[in-house]
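Listed below are the residues making up each chain.
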Number of protein chains: 2
Amino acid sequence: MQKVLITGAAGRIGRTLRAGLKDRCDLRLMDRKPIDDAEVDDVHVGDVADVEWMAAVCQGVDAVVHLAGDPSTGAPWESVLEVNIKGTYGAYEGARRAGAQRLVFASSNHATGFYEQEGVYTTPEMPVRPDSLYGVSKSFGEDLARFYVDQHGMKAYCLRIGSFQPDSAVENRQSDRILSTWLSYRDTVQLVWRCLQVESVDFGIYYGISGNERAYWDTENARRDLGYAPEDDAERFA
Amino acid sequence: MQKVLITGAAGRIGRTLRAGLKDRCDLRLMDRKPIDDAEVDDVHVGDVADVEWMAAVCQGVDAVVHLAGDPSTGAPWESVLEVNIKGTYGAYEGARRAGAQRLVFASSNHATGFYEQEGVYTTPEMPVRPDSLYGVSKSFGEDLARFYVDQHGMKAYCLRIGSFQPDSAVENRQSDRILSTWLSYRDTVQLVWRCLQVESVDFGIYYGISGNERAYWDTENARRDLGYAPEDDAERFA
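Definitions and cut-offs
- Residues numbered from 1 in each chain as written.
- Chains lettered and ligands numbered in written order.
- Predicted model: local features only at pLDDT ≥ 70, side-chain atom pairs only at ≥ 80, totals over all residues.
- Heavy atoms only, no water.
- Helix = DSSP H or I, 4+ residues; strand = E, 2+ residues; numbered from the N terminus.
- Rg over C-alpha atoms; globule rule 2.2 N^0.38 Å.
- Buried < 20%, exposed > 50% of the residue type's maximum accessible area, 1.4 Å probe, protein only.
- Contact = heavy atoms within 4.5 Å.
- Areas by Shrake-Rupley, 256 points an atom, 1.4 Å probe, with all protein chains shown as cover.
- Lys, Arg positive; Asp, Glu negative; His and termini not counted.
- Charge placed at Lys NZ, Arg CZ, Asp CG, Glu CD.
- Buried area = accessible area lost by both parts, 1.4 Å probe.
- Salt bridge = Lys/Arg side-chain N within 4 Å of Asp/Glu carboxyl O.
- Pairing = 2+ DSSP bridges.
- Axes fitted to C-alpha atoms, helices over the stretch in contact; angles between N-to-C directions.
- Least-squares fit on C-alpha atoms with pLDDT ≥ 70 in both.
- pLDDT = per-residue confidence, 0-100.
- Expected span 1.5 Å × (residues − 1).
- Bend = angle between axes of the 7 residues up to and from the residue.
- Parallel < 35°, antiparallel > 145°, perpendicular 65-115°, else oblique.
- Left-handed = near helix turned anticlockwise from the far one by under 90°.
- Phe/Tyr/Trp six-rings, centres within 6.5 Å; stacked < 30°, edge-to-face > 60°.
- Lys NZ or Arg CZ within 6 Å of the ring centre and 35° of its normal.
- Core = buried A, V, L, I, M, F, W, Y, C linked by side-chain atoms within 4.5 Å.

Peer 1: Just checking my understanding: could you explain the overall build of chain A for this structure?
Peer 2: Along chain A, the regular secondary structure elements total 9 helices and 9 strands. Against the 2.2 N^0.38 benchmark of 18 Å for 238 residues, chain A shows a C-alpha radius of gyration of 17 Å, consistent with a compact globule. For chain A, the spread of C-alpha atoms along the principal axes amounts to about 45 × 35 × 35 Å. Here chain A holds 238 residues, and 61% of them are scored as buried. Contacts spanning at least 24 positions in sequence make up 65% of the contacts within chain A whose residues lie at least 6 apart. Approximately 9100 Å² of chain A is accessible, and the part contributed by carbon and sulfur atoms is 44%. Each charge class in chain A was averaged separately, 26 positive and 37 negative side chains, and the resulting centres sit 1 Å apart.

What follows is the structure, encoded as structure tokens:
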């Protein structure tokens, strides 16, 4: 079993991954706040931007799933800088110093949000067009991941997560956008699991969405590189 | 005449631009240290990462040529973060708050340096492959510039500067790399001047090199978008 550290493990995506991966990985959890319902005892509470501390937390870890960050698209610069930019450097550099080989980064569709605003079908190869400082911090995390792969021989997989929501949120949707952008809980687990398993590619940027009929973000490279085979399609709630 | 603020005006590129632009622009100069040989009295000494202060310095300015930053490819994270990341945000956000419309950003070929290491001919459309934390900070500056254009209706031009050197450095070169990567002083001035004049495009990323016969970075978009017509070619020193 791989030893896998999840940063931001107390969050919504963290909780879903903990449940979905606990029988397939030896989990270590990290967050800035305590995790009340942790599946394991191996829990670390602290600041992801503290590189020294993160290097200690990463000891013995094979892979880091980096979720920690300010998740708000409206986050002000101060928070984006401290939590998303300094925190992502802390997670990657801590992983590197500890000898972890693999990174999975929770990037975001907001790294390319202006294409969506203009109605442009988007592939991961297109230049970024962040729609927020939050989106800029996510493209920063992708570029930094690429550097760790090229410079330090690590593997890194960046997932531009769409609308991470339970089935009920699609069913009771306020807007039809989610029919295009949904990422179901089980597809999230599958996608991260495949990033933890893949050996054929060292780096990739992938849109993290279910197999939505109305998708306007291209997932072909996730299917090709990772073998991602989404089980859900928001269309069944349409 | 446009009112143009140059950040990092005391540096090597700053000095060249001051001399080359002083008769064509109404210059304002900014640096963290005093500028002994300033062409104008309108000089401001302070910290580019201080947004409030930068907003004051940008009052009445039409364009900001943002050169300030740690120029070392070996710069450690702390310096990259403070000077290049926080400083670039400070410059852009200060410009925006003051109503400046146009940004010219001194990016770097090191945003895509791993293509060069692998001998790959590179165009500005290719995904970044930074070769250093410095290079990551430059791709950050490009992505942030794109955001300011899309979100705030500004114009921004990112120049991935090659080897900015006098003729003598090409003539007395230690390595032939500079025959491919050279950017002469007068081509630097021309390129920035054209970025200050262009109206037909709002955003672009351009390799900043002279018309070198041995170039492996594509300058076609600079010629097309900006009308850049380099006067120099390192080959005459070959």
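Peer 1: How should the interface of chain B and chain A be read in this particular structure?
Peer 2: Frequently, the measure chosen for interface size is the accessible area removed from exposure when the parts meet. Contacts between the two partners involve 22 residues from chain B, matched on the other side by 22 residues from chain A. Among the residues of chain B in contact with chain A, Trp77, Asp143 and Phe147 of chain B are the three that bury the most area, contributing 23% of the side total. Where chain B touches chain A, the interface holds 2 salt bridges. With its nearest N and O atoms 2.6 Å apart, the salt bridge here joins Arg129 of chain B to Asp150 of chain A. When residues of the side of chain B that touches chain A are traced back to their parent elements, those giving at least two are helix H3 (77–98) and helix H5 (133–152) of chain B. When residues of the side of chain B that touches chain A are assigned to their parent elements, the largest contribution, 10 residues, is made by H5 of chain B.

Peer 1: Got a minute to help me understand the sheet that holds strand E3 (residues 43–45) of chain B in this structure?
Peer 2: Sheets are built from strands that pair by backbone hydrogen bonding, the pairs being arranged parallel or antiparallel. All names here are of chain B. Read across the sheet, 7 strands follow the order E3-E2-E1-E4-E5-E6-E9 without closing on themselves; strand pairing throughout is parallel. Looking at strand neighbours, the two that pair on one side only are E3 and strand E9 (203–208), the edges of this open sheet. Going from strand to strand, the sheet's axes swing by 15° on average, the running direction of each strand aside. As paired elements, strand E1 (residues 3–7) and strand E4 (residues 63–66) share 4 bridges and run parallel to each other. Residue pairing in the sheet places Leu5 in a bridge with Val64 of E4.

Peer 1: I would appreciate a short explanation of the relation of the copies chain B and chain A in the present structure.
Peer 2: One copy of the chain maps onto the second through a rotation about an axis and a displacement along it. By a simple turn and slide, chain B fits onto chain A: the slide is 0.0 Å along the axis, the RMSD is 0.0 Å, and the turn is 180°. Accordingly, the operation relating the two chain copies is best matched by a two-fold axis. Rotation axis and chain B: the residue whose C-alpha lies nearest the axis is Phe140 of chain B, separated from it by 2.9 Å. Of the interface residues in chain B, 95% have counterparts in chain A that sit at the interface too, so the contact is made through matching surfaces.

Peer 1: Explanation requested: the confidence of the model for chain A in the structure shown.
Peer 2: Caution applies to low-pLDDT parts of the model: their predicted coordinates are not meant to be read in detail. The predicted model of chain A has a mean per-residue pLDDT of 98, with 100% of residues at 70 or higher. The ipTM, which scores confidence in the relative placement of chains, is 0.97 for this predicted complex, and the corresponding pTM is 0.98.

Peer 1: Please clarify how helix H3 (residues 77–98) of chain A should be interpreted in this entry.
Peer 2: Count 3.6 residues to each turn of an α-helix, and residues three or four apart come out pointing the same way. All names here are of chain A. When the terminal C-alpha atoms of H3 are compared, their 30 Å separation across 22 residues agrees well with the 32 Å that a helix rising 1.5 Å per residue should span. Of all the bends in H3, the largest measures some 30° and sits at Gly87. Positive backbone phi, at 90°, marks Gly99, one or two positions downstream of H3.

Peer 1: Please explain the packing of helix H1 (residues 12–21) of chain A against helix H8 (residues 185–197) of chain A as it appears in this structure.
Peer 2: Relative placement of two packed helices is described by the angle separating their axes and the distance separating the axes. Residue and element names in this part refer to chain A. Axis separation between H1 and H8 bottoms out at 9 Å; the angle between their running directions is 70°. Classed by the angle they form, the pair H1 and H8 counts as roughly perpendicular. Our pair here, H1 against H8, has a crossing hand that is right-handed. Between H1 and H8, the residues in contact are Ile13, Thr16, Leu17, Gly20 and Leu21 and Tyr185, Thr188, Val189, Val192, Trp193 and Leu196, respectively.

Peer 1: What's the story with the packing of aromatic side chains in this structure? I'm lost.
Peer 2: Describing an aromatic ring pair means giving the distance of the ring centres and the angle of the ring planes. Taken as a whole and assessed by the stated rule, the structure comprises 19 aromatic pairs over all chains. When the centroid spacing of 6.2 Å and the interplanar angle of 40° are considered together, the rings of Trp77 of chain A and Phe140 of chain B count as tilted. Taken together, the positions of Trp77 of chain A in helix H3 and Phe140 of chain B in helix H5 put the pair across two chains. The residues Trp77 of chain A and Phe140 of chain B share a single accessibility class, namely buried. Relative to Trp217 of chain A, the ring of Tyr207 of chain A lies with its centre 5.6 Å away and its plane at 15°, an arrangement referred to as stacked. Here Trp217 of chain A lies in the loop between strand E9 (203–208) and helix H9 (220–226) and Tyr207 of chain A lies in strand E9, a separation of 10 residues in the sequence. Looking at Tyr207 of chain A, the relative accessible area reads 0%, which means it is buried. One residue, Arg24 of chain B, lies across the ring of Trp193 of chain B, its end atom 4.8 Å from the ring centre. In this arrangement the basic side chain of Arg129 of chain B is found over the ring face of Tyr115 of chain B, its NZ or CZ atom lying 5.2 Å from the centre.

Peer 1: Honestly, the nonpolar core in this entry has me stumped. Any pointers?
Peer 2: It is characteristic of soluble globular proteins that their nonpolar side chains tend to be buried jointly. Among the nonpolar cores identified, the biggest contains 72 residues, and Trp77, Ile85 and Leu144 of chain A together with Trp77, Ile85 and Leu144 of chain B are the most heavily contacted of them. Those residues in contact with Leu144 of chain B, other than ones at most four positions away along the chain, are Leu133 and Val136 of chain A together with Thr88, Tyr89 and Tyr92 of chain B.

Peer 1: So what exactly am I meant to see when it comes to the side chain of Thr88 of chain B here?
Peer 2: All names here are of chain B. Mapped onto the fold, Thr88 is located in helix H3. Judged by relative accessible area, Thr88 falls into the buried class, the value being 2%. Non-local contacts of Thr88, meaning those with residues more than four positions away in its chain, are made with His66, Val83, Phe105, Gly141 and Leu144.

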